[in-house]
Amino acid sequence: MNLPELYHASLHDRAEQPALEAAASDGTVRTFTFGELAARRDRMARALAARGVRSGDRVAFCLPNRVAIIDLWLAAMMMGVIVVPINVLYKGREIAHIVGDARPRAVITTAEHAADLPPNTAWWCVDALERECDAMRELDRALDAHDRRAVVDGEHQARVSAVPVAEVTSDTPAALIYTSGTTGLAKGAVLTHGNFVANARALVAAWQITATDRYLAALPLFHVHGLGNGIQCWLASGCHMKLVARFEHERALAWFDAYRPTLFFGVPTMYVRLLDAPPDRARTIGAHMRLFVSGSAPLPAQVLEAFRERYGHVILERYGMTETLMNVSNPLEGERRAGTVGVPLPGVDVDIRDESGASITNETAGELWVRGANVCHGYWDRPDATAAAFHDGWFRTGDIGARAADGYITLQGRRSDLIISGGFNIYPREIEELLLAEPGVREAAVVGVADTVRGEIPVAYLVCDHAPDADALTTSLRAQIASFKLPRAYVRVDALPRTALGKVQKHLLPPYAP
Ligand code: MCA
Ligand code: AMP
């Protein structure tokens, strides 16, 4: 099955049903029906086709959450176009790598963010695209009121052009989503229509999402948690969604009060923020909620417990990756066990392997290998990285975990030294390389330090000629990388602890005390 087929029951069979509450192009919050979304999809497809976009092309977006991303996604899926999401917090260097690798026709972004694009990057202004689609709607209306054929002259030809539809199968790539390896250089996971369909179906069934649900979407749509889980579960189930530009903890409670969602997906940092709610308000919110889901980073057991006390709900924790979408989930019915990610989703095989690649059958920890229709086919233009990650149809996640006798899986760490802060990934190597380019820095090691709100925060240990000037380093780095990657502290050390072979032993660095 491809994605347009998955969406058909919502977009066409429920055309009159309210589908989405979000800011329109004029900034006012309004509700769109599924039928309106299908019409917006068609206009966006025509606008893209008029710009020369064809099946197999890549189109990137670098935007905070807004309806245009949904229009783009729906149009691209129908046209066989591959969407390349870019984190809106990224800066020129980070974007340049993605754009250079994916070679999209253009990046759809705002005039403000266009300033962060590397020089000579083709970009289309999202506001101009939306205005063009709105004008198309007006023209369509005018044409419908008159005799279409009579007014179609050369100028109008493009605007009344046919909606471009391509042949799309479950193996057609739907998105290239960039995720870093230990080198810090991001690779594009090629996720197909079939991957998204398998993931959406598994989650809708496992979490029993129905058309009566109301989903509050505050996760960014440029990562798979928001895009692969949120958007796909919404469209697959035909439920109602409220889309906000981004999670703002000062406003989140007001959204819950006014919208009365039944469903929320978040990263642990969002749940920590929600714990600030006064108890009465939290109880009222909890009374109309059905399900809170957490993922992208470990949910501390004490947050799960504090949230249960405050909201009367046990957060359901699940585990996934960009390359695989969702693999493992705590059950909707039955025990949601704190500190564990639950059991493999239907259709997903999880095997725990030792260093030699042999299956571990007792409760000893090993690397999680996964297999299923949810797992990507490989990395864009990187046969070497694809070959290293896949073995006999299994994908090596790099995550370390153990399976209890009753099947529950507990994650214990990662093979790489990835830091996850607020649900965003940080590869120490990338920051270390930038620090080494700073004057006076001779050696650098970046580590994740525990933080109650963000889970982990990056801290840099430096061997340098002079005491590090934190402000100067921050100013320099801020221009080069997303703000969530900035080290929160710089610690000067005489030397980095190293093995006889010269490898830095980060666990032997002095503990950081703020
Ligand atoms: C954070 N900032 C943002 C956004 N999020 N800016 C624009 N758009 C965003 N979406 C910036 C702020 O401007 C600020 O920048 C800094 O981040 C911290 O913001 P603050 O308001 O203090 O945020 P918070 O209350 O601490 O919450 C942060 C957050 C954010 C909203 C939880 O970390 C977030 O959206 N995380 C979600 C990440 C995600 O979707 N991960 C899924 C990856 P400054 O520092 O310059 O002031 S997919 C994945 O991992 C796998 C597959 C999986 O299993 O899901
Ligand atoms: P990404 O590289 O953005 O695809 O992030 C995927 C990584 O996030 C996984 O490999 C895990 O290390 C981590 N992750 C996702 N969900 C969880 C979870 N529930 N608990 C711990 N780590 C998680």
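In the block above lies the structure referred to throughout.
Fair warning: this is a prediction, and the values are worked out from it, not measured in the lab.

1. Here we look at the overall build of the protein chain
Inference 1: Scanning the protein chain from N- to C-terminus turns up 17 helices and 25 strands.
Inference 2: Its C-alpha atoms give the protein chain a radius of gyration of 24 Å, near enough to 24 Å, the size a compact globule of 514 residues would have.
Inference 3: Within the span of the protein chain, comprising 514 residues, buried residues form 54% of the whole.
Inference 4: Within the protein chain, residue pairs in contact and separated by at least 24 positions form 66% of the contacts whose partners lie at least 6 positions apart.
Inference 5: Per element, the accessible surface of the protein chain, about 21,500 Å² overall, is 52% carbon and sulfur.
Inference 6: Of note, the protein chain has its 53 positive side-chain charges centred 1 Å away from the centre of its 60 negative side-chain charges.

2. As for the sheet that holds strand 13 (residues 316-321)
The pairing of strands in a sheet happens through backbone hydrogen bonds and is either parallel or antiparallel.
Inference 1: Sheet architecture is open: 9 strands sit in the order 2-1-10-9-11-12-13-14-15, paired in mixed fashion. Unpaired on one side and paired on the other, strand 2 (29-33) and strand 15 (343-344) mark the two borders of the sheet.
Inference 2: As defined by bridge partners, strand 13 adjoins strand 14 (residues 325-329) across 4 bridges and the pair is classed as antiparallel. In the strand pairing of strand 14, Y319 is matched with V328.

3. Examining the site of ligand 1
Inference 1: Ligand 1 sits among 25 residues. The nearest are R273, S296, R318, G422 and R454.
Inference 2: Measuring from an oxygen atom of ligand 1, one finds a side-chain N or O atom of R246 at 3.2 Å.
Inference 3: In this structure, G423 approaches ligand 1 through a main-chain N or O atom, which is 2.9 Å from a nitrogen atom.
Inference 4: Taken together, the elements giving at least two residues each to the shell around ligand 1 come down to helix 10 (224-237), helix 12 (268-274) and strand 13.

4. Quick look at the environment of T397
Inference 1: Locating T397 in the fold gives a position in strand 19 (residues 394-403).
Inference 2: Residues T397 and A301 lie 96 residues apart in sequence; the distance between their C-alpha atoms is 23 Å.
Inference 3: Side-chain polar atoms of T397 contact the backbone oxygen of L368, separated by 2.7 Å.
Inference 4: A polar contact of 3.0 Å, which involves the side chain of T397, links it to the backbone nitrogen of D399.

Conventions adopted
- Residues numbered from 1 in each chain as written.
- Chains lettered and ligands numbered in written order.
- Predicted model: local features only at pLDDT ≥ 70, side-chain atom pairs only at ≥ 80, totals over all residues.
- Heavy atoms only, no water.
- Helix = DSSP H or I, 4+ residues; strand = E, 2+ residues; numbered from the N terminus.
- Rg over C-alpha atoms; globule rule 2.2 N^0.38 Å.
- Buried < 20%, exposed > 50% of the residue type's maximum accessible area, 1.4 Å probe, protein only.
- Contact = heavy atoms within 4.5 Å.
- Areas by Shrake-Rupley, 256 points an atom, 1.4 Å probe, with all protein chains shown as cover.
- Lys, Arg positive; Asp, Glu negative; His and termini not counted.
- Charge placed at Lys NZ, Arg CZ, Asp CG, Glu CD.
- Pairing = 2+ DSSP bridges.
- Near = heavy atom within 4 Å.
- Polar contact = N/O pair within 3.5 Å; in protein donor to acceptor, adjacent residues only side chain to side chain.

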